[in-house]
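So you can see what is in the structure, the chains are spelled out below.
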Amino acid sequence: MTSSEILELVKQYDADSIVSATAEGLYPHVVIKAERLPAIAGFLKTQPRLGFDLLRCISAIDRPAQNTIELAYDLLSTSLAHTFAVKVLLERADPQVASVSAIWPAAEWHEREAYDLVGVTFLHHPDLRRILLPEDWPGHPLRKDYQDIVEYRGLKFQP
Amino acid sequence: MLTFERPPVEYKGLSRTIVRLATKWGGIGIPLLLRFAWGVFLAAVVVLIAFVWLVQHFINPLLPWFVRDFVVVVGLLAFVCIVAIIGIWGERKVSGRIQSRLGPMRTGAWHGWAQSLADGLKFVQKEDLIPAAADKPLFRLAPYLALVPAFCAYLAIPFGVGWVFREADVSLLFVLAMLAIEVLGVIMAGWASNSKWSLYGAMREGCQLVSYEIPMGLSLLAAVLSVGSLNLTELGEAQAGGWFAWLLFQNPFLFAAFFTYYIASLASCKRAPFDLPEGESELVAGFHTEYSGFRFVMFFFAEYAGMFAVSALATIIFLGGWGSPIGGPSSPLWFLAKSTFLVWVQMWVRWTLPRIRIDQVMHACIKYLLPFTLLLFIGSSFWQLYASPAHPLFASLARLLPYGLGTLGLLLLGLYFFGAGYGYYYRNRLVGQMARRHLPGA
Amino acid sequence: MKEIEVHYPPEVLQEGEVPSDIRTEELVLNMGPQHPSTHGVLRVILQTDGELVLKATPYLGYLHRCAEKIAEKVTYRQFTPYTDRLDYLAAMNNNLGFALTVEKLGGIEIPPRADYLRVILAELNRIASHLMATGSYGLDMGAFTPLIYCFREREWIMDLFEAASGARLTYSYITIGGVREDVPEGWTQKCREFLDYFEPKITEYNNLLSFNHIFIQRTANVGICPPELALAYGLTGPCLRGSGVPWDLRKAMPYSRYGEFQFDIPVGRGTYGTVGDCWDRYFVRVEEMVQSVRIIRQALDKLADGPIQAKVPRVVKLPAGEVYYEVENPRGQLGFHLVSDGGTSPYRLKIRGPSFCNLSILPVLAPNCLLADIAALLGSIDIVMGEVDR
C-alpha cells in the first residue's frame, strides 16, 4: 500500500486525531494528537490491510524553537511490506504521552531511552527508568538546553 | 589524574630465598641452561640412569627401608611435576595444532618446551591474593586437598614389575579412593572463595564427580572380576603375552567397559566435554576463579596429575600395563607410552567437542552410563561363568574371541594412523592452501 | 571519592525490604559487565533457584559514548567514523546505512561502480561478522576450535579490507557519495580466491559444530522465540528469520542494487527442535554466509570500471527535512532517523541499533532457562554492545 492509501485508512478511522499529514516526500507520516495515540496505534496494528506488526523505532526530537518535543514512531509491516510513521507533538515543559508497550512490547526499551535521553514521561509504562545512563544521572542529555555536568559522584570532568 | 601506589610486597621465608636466588643467578643461569638445553638434557638422562643403576646395585641393599621410601617418594613427586609440566606444554601445542596455529614457539629454542617452566616461575612470583571476605583457612587448605591426593594415587600405581612404591593387595581401591578425595578440595575451593560463581562451579563439580565415580568403578570391577584381584601389579601381569592377551580384548563386555571407563574418567577429571565446573565461558574459571599464583598452579597440577593417573589405570587394567604388544620384554617405557597416548586422546577430545550442560551430564550418567556399566558388569561375569570347561563350546569361542577383538583393535589403531597420515600427507588440500601458507612445513 | 552505595535493582526487593543476599531458595547472581560470555559490557542480574533462572534483568549503558549527541555537533562527513564504532564487527554496513541515509535526504546519486563495491564490501563484512558470531557461539558452548578456525577466515577478509581501506576493523570506507578510494589492483582476484577457499569451509564448520550432537543438545529447544513474540519485540535480522519470519530488507525493500542479485533468505525451520530456538538462529547465520558468497560473486561479475564517488561538496549540507532509512546489517536492521535543519550537522540523528531491540527479548526468554542456557541465549541473539549503547 502506498502512504496515501494508508493515510486514507487512518482518516477514515479517526479524522479528528490528525493534526497534519504528509503523504509524499522522503518521510511520509501523520501527526496525531497525543491523547489519541494508543487508539491509532492499536488500529495500525490490528487493521488487516495495514498490519503494522513491527515497531522499528521511537525517536524523540527536541524542538525548543517550536516549544515542542516530537516523538516519531516508525512502523513496518512484515506481512504487507510497507512502512509508515506516526508523529506526536508534546509540550516541552511537561512531555507526557501514553505508552504503546501494550501494543508493541518493543516500545518498552525505546520509550525508556526516550525518557532517559529527552525526558518524555510515558504513562502506564511497566518499568520507566533510565536505560543507558546511570539511575542518578541529572538531566536529559539530548535536550538542546542540556548543560554538561562538571562532577558526578566525585569524578570531575574537564570541560 | 589518579595516582596508583604499588602495595609493598615483602617476601618471607622460602619465597624470599627463591626470589633472591632466581634474580641473582637466573639472569645468567637460565639463558645458559636454554642455550645448552640438549646437552643438559642428555647429561641429566645419563646421570639419572647411572644413579638408578648405582642405587639398585650398591646402595639399595645397604640402606634402611625409610631411606629408600624417601628417595622413591621424591622421585615420584618429581615425576608428577614433570608429567604436569610436559602435560601443560603438550596441551598448548596440541591445542595449537588442532586450531591451525603453532602453540608456544619461543621460550626455549625448540617449540617453546620451556614454556611451562617460564609459567611456573611467573606464578611463583605472583602476589598472594586472598579475597577479603573469603574463608581464609579453607581457602588456603583447598589446593592441598586437591593436589596431595592426586599425588598419593601414584604411590600405588606400578610402572612395571617391581616399579611401585608399595605393593598392596587393594592398590586399585586405594588409587580410586585417592582420586575421589579431590572432590573435597574442589568443593572447599568453591565455598571458601565466597563468590557465587565459584560456588556454582563447586556444586556442579560435586555432583558430577561423585556421580561419575560409579560407572568408573563398575567398569573397572568388570575387569577385576575377570582377573580376580585388586592388586594392580597382578592385573598388569595377567595380561602378559602380547596384544591379544590384553584384558581389553578378552570379552566384548570388557571392550565396552574400556570405553565407558574412559568416558567416566573424562568426567572425573573435569575434562571437556565435561568441564562445566571450570566452564570458562560461563563461570570464568569455576571453582578456582579466585585463585591466583601458586595456589592456582596446584589446582592445575592436580588436574594433569589426575589425568595421567586415570590414564595409567586404564593402561594397567585394559591395555596390558607395561607389556609390550609385539612380544618383547615388558618395561615401564611401554607403560609410559600407552598412558601418554591416552592423555593425548583426552586432549584431542577436549579441543574438539563442546561442553555438555550439567543436567545433561547427570542425565547421561544416571540414565545411560550407570545402567550400561551394570549390564557390562553382569555380562562380563556371566561370560566368565560360561567360559569354564563345563561349557566346552562356549569356552572355545571365548578362547578365540580375543583374537577377533584384537584384530578389531588393530584395525581401529590402523584406522587412526591411516587417518593421521592421510591428513598429514594431504594437509594442503584438506585445509586449503591459503590457510597453510603461513605455517611452517607448508 | 564519595562512597558509592550498592543498591539492588527495584524488581529484586520490595519497598522497605532490607537487602539480604542469600535467601533459602533464590540466589541473586550478578553476571557483571566483565564476563566472558556476555559479548561485551553487559550486566545481567539473574535471580536463580539453583541452576534454574527465574528472572534476568539486563543493565545497559556501559558502552554509551553519546554518539547521537556528538552527531549534532560534527558535520556529516565527520560522523562517518562514529558509525564504524556502532557495531564494530560490521563497520562497512554501518557506514553504508549512514551514507544511504544522507544520500537519500540530499538526493545524491551514486555511480554504479561505487554501488557494486559497496555491496561487495558490505557482504564481505557480513561474512566476517557471522564468522565472529558463530565462532564465539562455539566458544560459549565450550568448543574452542571453531572459534580459531573462524578467526583464521576472518584474517583473510581483514586483509582484503586493509588493502581496500587501510584498517582492519573500523574502516570509514563507505562515505557519502560513494566509497573513499578505489580498491587496489588485483583486489578482485584476491577476493575471488578467498571466496573459492571459503565456500568448502562452511561445510567443515557444519560438521564440526552445527551438527555436533552435543552442540545440538545445548542449543535446540533452548530459548524458543515464536514468530509473533519476535515481531512484537521488534527483533530483526537472523533473530527474526530464525523464528520463521521470512523478512529480509534486502529482498523486501531493496537498496543499493540488491534487487539485481539472486539469493535466498535462510529461515529457521525447527530442524532439530522448535522453530525459533537458539540452533535455528545460529544456523540462519551459517546459511547467510553461503548466500553472501553468492551475492559477492554476482557483484564481482557486474563490477565495471568507472568513478567511485559522486560529486559531493567537501562540506555536506543537506536540505531541511527528515528521513528514516534502514539497512540490513548482519545483526538486524540498522536505522537512522535523520532530521536536518539545513545546516552542516544533523539537527537530530537517532540511531536504531538492531542489537538494542534484539536484546529486549532476553528478559522474556530467560525465565525457566538453566544458567548455562543464558550463555546460549545471549550468544544466539548475537549482540554487540557498541550498537546497544551507542
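Residues numbered from 1 in each chain as written. Chains lettered and ligands numbered in written order. Predicted model: local features only at pLDDT ≥ 70, side-chain atom pairs only at ≥ 80, totals over all residues.

### Focus on the overall build of chain C
When helices and strands are counted, chain C shows 15 helices and nine strands. Against the 2.2 N^0.38 benchmark of 21 Å for 390 residues, chain C shows a C-alpha radius of gyration of 22 Å, consistent with a compact globule. Along the longest, intermediate and shortest principal axes, the C-alpha atoms of chain C span 70 × 50 × 40 Å. For chain C, the residues scored as buried account for 56% of the 390 residues in total. If you take every contact in chain C between residues at least 6 apart in sequence, the share linking residues at least 24 apart comes to 72%. (Helix = DSSP H or I, 4+ residues; strand = E, 2+ residues; numbered from the N terminus. Rg over C-alpha atoms; globule rule 2.2 N^0.38 Å. Buried ≥ 20, exposed ≤ 12 C-beta atoms within 10 Å, placed from the backbone. Contact = placed C-beta atoms within 7 Å.)

### Remarks on the overall build of chain B
Per the secondary structure count, chain B includes 16 helices and zero strands. In terms of overall size, chain B behaves like a compact globule, its C-alpha atoms giving a radius of gyration of 24 Å where 442 residues would be expected to give roughly 22 Å. Considered along the principal axes of its C-alpha atoms, chain B spans approximately 90 × 60 × 55 Å. Burial statistics for chain B: of 442 residues in total, 38% are counted as buried. Within chain B, residue pairs in contact and separated by at least 24 positions form 76% of the contacts whose partners lie at least 6 positions apart.

### Describing unusual backbone geometry
If you check the backbone angles, Ser 100 of chain B has positive phi at about 65 degrees while not being a glycine. Locating Ser 100 of chain B in the fold gives a position in the loop between α3 (65-98) and α4 (115-124). When the 17 C-beta atoms within 10 Å are taken as the criterion, Ser 100 of chain B is described as partly exposed. A positive phi angle is found at Arg 257 of chain C, which is not glycine, with a value near 65 degrees. In this fold, Arg 257 of chain C is placed in the loop between α10 (249-252) and α11 (278-302).

### A look at the nonpolar core
Within the largest apolar cluster, 261 residues are counted, with the highest numbers of intra-cluster contacts made by Leu 71 of chain A, Val 175, Ala 305 and Ala 309 of chain B together with Leu 377 of chain C. Counting residues per element, this core draws most heavily on helix α11 (residues 293-317) of chain B, at 17 residues. Those residues in contact with Ala 305 of chain B that lie beyond four places of it in its chain are Val 80, Val 83, Ala 84, Ala 150 and Phe 151 of chain B. (Core = buried A, V, L, I, M, F, W, Y, C linked by C-beta atoms within 7 Å.)

### Observations concerning the sheet that holds strand β7 (residues 332-340) of chain C
All names here are of chain C. Spatially, β6-β7-β8 is the arrangement adopted by the three strands of the open sheet, whose pairing is antiparallel. Two strands in the sheet have a free side with no partner beyond their single neighbour: β6 (321-329) and β8 (348-352). Strand-to-strand twist of the sheet, defined as the mean angle between neighbouring strand axes without regard to direction, takes the value 10 degrees. In this fold helix α3 (residues 91-106) packs onto β6 and β7, with an angle of close to 150 degrees to the strand it touches most, β6. (Pairing = 2+ DSSP bridges. Axes fitted to C-alpha atoms, helices over the stretch in contact; angles between N-to-C directions.)

### Regarding the interface of chain B and chain C
In this complex, chain B contributes 27 residues to the contact, which on the side of chain C involves 27 residues. Counting residues per element, the ones that place at least two in the side of chain B that touches chain C are α7 (196-227), α10 (280-283), α13 (358-386) and α16 (433-436) of chain B. Class assignment for the residues of the side of chain B that touches chain C results in twelve nonpolar, seven polar and eight charged. (Nonpolar A, V, L, I, M, F, W, Y, C, P; charged D, E, K, R; others polar.)

### A word on the environment of Ile 30 of chain B
All names here are of chain B. Tracing the sequence through the fold places Ile 30 in helix α1 (residues 14-35). We classify Ile 30 as partly exposed; it has 16 C-beta atoms within 10 Å. As a C-alpha pair, Ile 30 and Gly 108 span 78 residues in sequence and 9.8 Å in three-dimensional space.

### Considerations on the packing of α3 of chain C against helix α4 (residues 112-140) of chain C
Residue and element names in this part refer to chain C. Where α3 contacts α4, the axes come no closer than 7 Å and their chain directions differ by 140 degrees. One element, α3, and the other, α4, form an angle in the oblique class. Of α4, the residues touching α3 (which contributes Ala 91, Met 92, Asn 93 and Leu 96) are Arg 118, Leu 121, Ala 122, Asn 125 and Arg 126. Considered class by class, the residues forming the contact of α3 with α4 number five nonpolar, two polar and two charged. (Parallel < 35°, antiparallel > 145°, perpendicular 65-115°, else oblique.)

### A look at the environment of Leu 199 of chain B
All names here are of chain B. Within the secondary structure, Leu 199 sits in helix α7. Through-space distance from the C-alpha of Leu 199 to that of Ala 302 is 19 Å; in sequence the pair is 103 residues apart. Beyond its immediate sequence surroundings of up to four residues, Leu 199 is in contact with Gly 190 and Trp 191.

### Considerations on the interface of chain A and chain C
On the chain C side, the residues contacting the 27 residues of chain A number 35 residues. Counting only elements with at least two residues in the side of chain A that touches chain C, the list comes to β3 (54-63), β4 (68-77) and α3 (107-117) of chain A. At six residues, β3 of chain A tops the list of elements feeding residues into the side of chain A that touches chain C. Split by residue class, the side of chain A that touches chain C holds 19 nonpolar, three polar and five charged.

### A few points about the environment of Phe 174 of chain B
All names here are of chain B. If you trace the backbone, Phe 174 turns up in helix α6 (residues 171-192). Considering only alpha carbons, one finds Phe 174 and Leu 230, 56 residues apart in sequence, at a separation of 9.6 Å. Sequence-distant contacts of Phe 174, defined by excluding residues within four places in its chain, comprise Ala 156 and Ala 168.

### Quick word on the confidence of the model for chain B
In this model, chain B carries a mean pLDDT of 85, and residues with pLDDT of at least 70 account for 94%. For chain B, per-element mean pLDDT is lowest for α10 of chain B, which scores 57, and highest for helix α9 (residues 252-268) of chain B, which scores 92. (pLDDT = per-residue confidence, 0-100.)

### Topic: the pairing of β8 of chain C
The buried fraction of β8 of chain C is high, at five of five residues. Residues of β8 of chain C alternate between two faces, with Arg 348, Lys 350 and Arg 352 of chain C on one and Leu 349 and Ile 351 of chain C on the opposite face, all of them buried.

### Some remarks on the confidence of the model for chain C
Low pLDDT marks regions whose predicted coordinates should not be analysed in detail. The predicted model of chain C has a mean per-residue pLDDT of 88, with 94% of residues at 70 or higher. Here the predicted complex carries an ipTM of 0.92, next to a pTM of 0.87.

### A closer look at the arrangement of the chains
With two pairs of chains in contact overall, the greatest share of contacts is found between chains A and C. As for chain B relative to chain A, no contact occurs, and the smallest C-alpha gap between them is 10 Å.

### Brief notes about the sheet that holds strand β3 (residues 52-59) of chain C
All names here are of chain C. Spatial ordering of the open sheet is given by β1-β2-β3-β9, a layout of four strands whose pairing is antiparallel. Each end of this open sheet is capped by a strand with a single partner; those strands are β1 (27-31) and β9 (369-370). Bridge count between strand β2 (residues 43-49) and β3: seven bridges; the pairing is antiparallel. Note on β3: the bridge partner recorded for Leu 46 is Ala 56.

### Points about the packing of α4 of chain C against helix α14 (residues 371-381) of chain C
All names here are of chain C. Their axes nearest at 9 Å, the elements α4 and α14 cross at an angle of 180 degrees. Comparing the axis directions of α4 and α14 gives the class roughly antiparallel. Across the interface between the two elements, Ser 136, Tyr 137 and Asp 140 of α4 pack against Ala 375, Ala 376, Gly 379 and Ser 380 of α14. A breakdown of the residues in the contact of α4 with α14 according to their chemical character gives three nonpolar, three polar and one charged.

### Remarks on the pairing of β6 of chain C
Residue and element names in this part refer to chain C. In terms of burial, β6 is largely enclosed, as eight of its nine residues are buried. Alignment of β6 against β7, held across nine bridges, turns out to be antiparallel. Along β7, the bridge assignment pairs Val 327 with Leu 334.

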